[in-house]
Amino acid sequence: MSVNFRIPESALTVVYNQLGQVLVMQRNDDPEFWQSVTGTLELNEKPNETALREVLEETGIDISKSGYRLIDCQKVNTYEIRDKWKHRYPPNTVFNTEHVFAVEVANDQAVYLTEHSAYFWLDKTTAMKKVWSDTNREAIALYVPDVKG
């Protein structure tokens, strides 16, 4: 029996609309854990390819077909993997490397959840308070434009 471990490298993609509202989603396995789109790189996959794939898989938003532009924020985070998730990675793997992306979508963009229980479009400040991880909070702070209005 072979065990397929995850690669300790992921893409975090902050999805926001023209009103500056941020998409946050509730994890199925932890109702207190709200997040932006995130996912593990697959074998031989580049981080931007992971971001495009994960946004499509988790939200139904096809960035390329919709004419949206995936922004590579040129930001890489390293964080300690939560204890409850370490079994998913090779033995003795402690840290994950996270590549940060952002994408602006239309205000009326539909979302179709496949891996989450619920979602909200929240203003930037509220989204920053809602998300669980510090790196997610920082990405929203840095890469979602402030909207006057």
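Thresholds, definitions, all that
The residue numbers shown here count from 1 along each chain, following its written sequence. A pLDDT threshold of at least 70 governs which residues receive local features in this predicted model, and a stricter bar of 80 or more applies before side-chain atom pairs are shown or counted, although totals over entire chains, interfaces and linings include all residues. Side-chain measures here rest on the full set of heavy atoms in the structure, leaving out hydrogens and waters. For salt bridges, the criterion is a side-chain nitrogen of Lys or Arg within 4 Å of an Asp or Glu carboxyl oxygen. Where helices and strands are cited, they refer to DSSP runs of H or I of at least four residues and of E of at least two residues respectively, numbered from the N terminus. Burial status follows relative accessibility: with a 1.4 Å probe on protein chains alone, a residue under 20% of its type maximum counts as buried, one over 50% as exposed, and anything between as partly exposed. Think of it this way: a Phe, Tyr or Trp ring, Trp meaning its six-membered ring, pairs with another when their centres are within 6.5 Å, and the plane angle makes it stacked under 30 degrees, edge-to-face over 60, tilted otherwise. Two limits define a charge over a ring: the Lys NZ or Arg CZ must be within 6 Å of the ring centre, and within 35 degrees of the ring normal.

**Q** Looking at this model, I keep getting lost on the pattern of salt bridges. Mind explaining?
**A** Pairing between side chains of opposite charge can happen when the charged atoms of each approach one another. Under the counting rule described, the total for this entry stands at 13 salt bridges. For Arg82, the salt bridge is made with Asp30, and the minimal N-O distance between the two is 3.1 Å. Of the two residues, Arg82 sits in the loop between strand E5 (71-80) and strand E6 (95-105) while Asp30 sits in the loop between strand E2 (22-27) and strand E3 (34-35), which places them 52 residues apart along the sequence. The burial state of Arg82 is the same as that of Asp30; both residues are buried.

**Q** How should the packing of aromatic side chains be read in this particular structure?
**A** Any pair of aromatic rings gets described here by the distance separating the centres and the angle formed by the planes. Enumeration according to the criterion identifies three aromatic pairs in this entry. Residues Phe33 and Trp85 carry aromatic rings whose centres are separated by 5.4 Å and whose planes lie at 55° to one another, so their mutual orientation is tilted. Separated by 52 residues along the polypeptide, Phe33 in the loop between E2 and E3 and Trp85 in the loop between E5 and E6 bring together distant segments of the chain. According to the relative accessible area criterion, Phe33 is buried, its value standing at 6%. With a relative accessible area of 13%, Trp85 lands in the buried category. Feature note: the residues Phe33, Trp85 and Trp132 constitute an aromatic cluster, connected by ring pairs. Seen from the ring of Trp85, Arg82 lies directly overhead, with NZ or CZ sitting 4.7 Å from the centre. When the ring centre of Trp132 is taken as origin, the NZ or CZ atom of Arg82, which lies over that ring, is 4.4 Å away.

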